[in-house]
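# Observations on the three-dimensional arrangement
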Amino acid sequence: EHRYLDPGKLTNDRFLSGLLSPNFSEQNCLGRYKSSMYRKPSPFPVSTYLIQRLREYEDYHKRCGPNSELYQRSVEQLKSGRNVENSECKYVIWTKSNGLGNRMLSIVSTFLYSLLTKRVILLDLTEEMENLFCEPFPYSTWVLPPDFPIRDFQRFYKDSPESYTKMVENKTISDDVDISPESLPALVYLHAENVNMHLQNHIFCDDDQRILQKLNWMILRSDSYFTAALFLMPMYEKELSQLFPVKESVFHHLGRYILQPANPVWQIIERFYKTYLYNADEKIGIQIRIFPQAPVPFEKMYQRILECSEKEKLFPEVGPPNITNATSNPTKHTAIIVVSLFSEYFEKIKSTYYENSTLTGEMVAVYQPSHEVHQKTHAQFHNYKALAEMYLLSYCDKIVTSAGSTFGYVSHGLAGSMPWIIRPPSWMYPGNGPACIKSLSVEPCLHSPPIIECKGKDNVNDAEIPVPYIKHCEDSDSGLKIF
Ligand code: GDP
C-alpha cells in the first residue's frame, strides 16, 4: 500500500507527534493515520501539555458521553427543568450555521471552548453532515443521540428565551458571579454567531463565562472562528499559552485532531491524490471563491490571478524555454489544482500550458476535481467533495486562496502553511491595492470581532487590541486573527 509514497519526500508520523490517540481501529477511519503521509511535516511543535489534555478529554468524553450512565443522568436532569450544582459532566451541543468551511471553523472553536470549560462536545448532526467526519474520540461518539429531548435546534437564536444575552438583557439571570447554580435554568443557548459583523457582548467576558460555567447544558451556534475571541479573555490566557506555545498553531493542531475525513471522503481524496498529484515534483493549489453576494466578472478576477502570479512567482512562467539557464529544469513535473465552483478558471489556466511552453522547460499539468457551480450545503455528496477539496489543497506546496473564504482558511490551516490571498476587485477592496498578499499567520480569520464591554470596560473592538498576538486580518480590516 505504502509503495506509492516516497519516504524521502513525505512524512510518516502516524500519530502526529502524539496528537492522535492510538486507540482506534484503523479501518474505521482510513485517513486518520494516513493523511499526514501526503503532507509536509508540521512546522509547529505539539506541546506535551496539549497531548495530556487531549488524553484527559478523551477519558472524560467516554465517561460522560452518550451511552454512559452519567449521560443518562444528565439528560434526566435536563428533563426535570432544573440546573444542579457540581455535576460531574457538563455539555456543549454544537449546532450548524452556514457552509462547510464556517462549520469546520466553529467546530474547532467549540472544541477548544469545551477543553477550556471542561464540557463534553456533542454535535447536532443533520443528514447532510453524516459520514463526513470520523468519530474523533475513542470508545464513544460525539453525535448527539436521536432520542435527545430537544430536536429542533434551528429555533434557537439570539432573542430566544434560552439565549444567555437575552436572559441578561431581561434580567432573568443575575449578573452576579456568586449566583447559586440551583437558581439557574436547566439549559442555556449561546449565540456565538455573527450579528451585523460582530459577535455579541456578554459572551467573551470573564464574568459572564464564570456564570455560564455553572450551567450544565449549553447549546451553541456559531458560524465563526471564535477561537480568536477566546484569546482576548484574561481568564484563559495562561491555559492557552500552555496548550499552544506557538499561538498560531491552534487550528492546525485541533483541526488535524478533530476533523478527520470519514472513509467515503477519504476514498475521494486518496483516489485523486494518487491519480494526479503523487508524481508531481511540485504541487500548486489555487482556490477561487466567488461569493454570490459579491460577484466578480471572470475576466477581472482572472486578471487579478495573473497579476498575483506574476508578482509572487506562483505559476511557472510561459515563454520560449531556455534550457541553458541555471534555473531551468526540463524534467520537473508541476501539478496545478484549481478548486472552484466554476470551470472557466481551470480551462483558461490549462490552455495556457497547452498552448505555451514554460521558461524552465518544466511540464505543467492542470486539474480540477469538480465544478459544482452552486453551493449545495444541504447535500451530503456535495459536502464530501467540498471536504475532499479542502484536504487536497492542504497537500499542496504552495496554496493560493481567496480573500474572506473560510473554505480557504481550512485548507491552509490544516496544511500549516501561509497562503497567498487573492483579493478580488470588489467593494471590499476599493482602490488599487495589491492583487494578492502573502499571509503572515496560518490561522483562520474571525470576520466578526466580539463586542466586549464587560462591566463597563472599554470596547476593545475599535480601540487598541489588548494583546500583541491578535491583529487584524490581511483580508479583513475589521476581522481578528492570531499571529
Ligand atoms: P466560504 O463561503 O468560502 O467561506 O466557505 P464555506 O465552505 O463556508 O461555504 C462555501 C460552500 O460552497 C462550500 O462548503 C461548498 O459547499 C461550496 N463551494 C464553494 N467553493 C467550492 C469549491 O471550490 N469546490 C467545492 N466542491 N465546493 C465549493
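These figures come from a predicted structure and were not determined experimentally.

The rules behind each value
- Residues numbered from 1 in each chain as written.
- Predicted model: local features only at pLDDT ≥ 70, side-chain atom pairs only at ≥ 80, totals over all residues.
- Pairing = 2+ DSSP bridges.
- Helix = DSSP H or I, 4+ residues; strand = E, 2+ residues; numbered from the N terminus.
- Axes fitted to C-alpha atoms, helices over the stretch in contact; angles between N-to-C directions.
- Core = buried A, V, L, I, M, F, W, Y, C linked by C-beta atoms within 7 Å.
- Buried ≥ 20, exposed ≤ 12 C-beta atoms within 10 Å, placed from the backbone.
- Domains from an automatic or database assignment.
- Contact = placed C-beta atoms within 7 Å.
- Right-handed = clockwise from strand over helix to strand, strands pointing away.
- Nonpolar A, V, L, I, M, F, W, Y, C, P; charged D, E, K, R; others polar.
- Expected span 1.5 Å × (residues − 1).
- Near = placed C-beta within 6 Å.

Right, let's get into the sheet that holds strand 10 (residues 436-438). Across a sheet, strands are paired by hydrogen bonds formed along the backbone, either parallel or antiparallel in direction. Strand order in this open sheet of six strands is 7-6-5-8-9-10, and the pairing throughout is mixed. Bordering the open sheet on either side are strand 7 (363-367) and strand 10, each of which pairs with just one other strand. Across the sheet, the axes of successive neighbouring strands diverge by a mean angle of 20 degrees, strand direction being ignored. Two elements, strand 5 (residues 282-288) and strand 6 (residues 333-340), share seven bridges in a ladder whose sense is parallel.

Taken in spatial order, the four strands make up an open sheet running 2-1-4-3, and their pairing is parallel. This sheet does not close on itself; its edge strands, each paired only once, are strand 2 (120-123) and strand 3 (187-191). Each strand of the sheet is rotated relative to its neighbour by a mean of 25 degrees, with strand direction disregarded. The pairing of strand 1 (residues 91-95) with strand 2 spans four bridges and is classified as parallel. In the strand pairing of strand 2, Val92 is matched with Ile121.

What follows concerns the nonpolar core. Within the largest apolar cluster, 124 residues are counted, with the highest numbers of intra-cluster contacts made by Met218, Ile336 and Val338. With nine residues, the top contributor of residues to this core is helix 4 (residues 100-117). Of the residues that make up this core, three or more belong to each of domain 1 (42-251) and domain 2 (263-482). Dropping the residues within four chain positions of it, Met218 is found in contact with Tyr91, Val92, Ile93, Arg119, Val188, Leu190 and Leu212.

Turning to the pairing of strand 8 (residues 398-402), a few remarks are in order. Within strand 8, four of the five residues are buried, which leaves it mostly tucked inside the rest of the structure. Here three bridges tie strand 5 to strand 8, and the two strands are oriented parallel to one another. When the sheet's bridge partners are listed, Gly285 is paired in strand 8 with Ile399. In terms of strand pairing, strand 8 meets strand 9 (residues 420-422) through three bridges, oriented parallel. Counterpart to Val400 in the pairing with strand 9 is Trp420. As for the winding sense of the linkage, the β-α-β connection from strand 8 through helix 14 (residues 406-415) to strand 9 is right-handed.

Taken domain by domain, the protein chain consists of domain 1 (42-251) and domain 2 (263-482). Placing the centre of domain 1 and that of domain 2 at their C-alpha centroids yields a distance of 31 Å. Facing the 37 residues of domain 1 at the interface are 42 residues of domain 2. Counting residues per element, the ones that place at least two in the side of domain 1 that touches domain 2 are helix 4, helix 6 (206-212), helix 7 (227-230) and helix 9 (250-258). Counted by class, the side of domain 1 that touches domain 2 contains 20 nonpolar, ten polar and seven charged residues.

Helix length check: helix 10 (residues 263-277), at 15 residues, gives a terminal C-alpha distance of 20 Å against a target of 21 Å (1.5 Å per residue), a fit within 8%. When helix 10 is considered as a whole, its buried residues turn out to be Val265, Trp266, Ile268, Ile269, Glu270 and Phe272. Where helix 10 is buried, its residues contact helix 1 (30-34) and helix 13 (380-394).

Around the ligand sit 20 residues, and of these Gly99, Gly101, Gln375, Ser405 and Thr406 come closest. For the shell around the ligand, the secondary-structure elements that each account for two or more residues are helix 4, strand 6, helix 13 and helix 14. Among the elements that make up the shell around the ligand, the one with the highest residue count is helix 13 (four residues). Across the shell around the ligand, the residue classes tally to five nonpolar, eleven polar and four charged.

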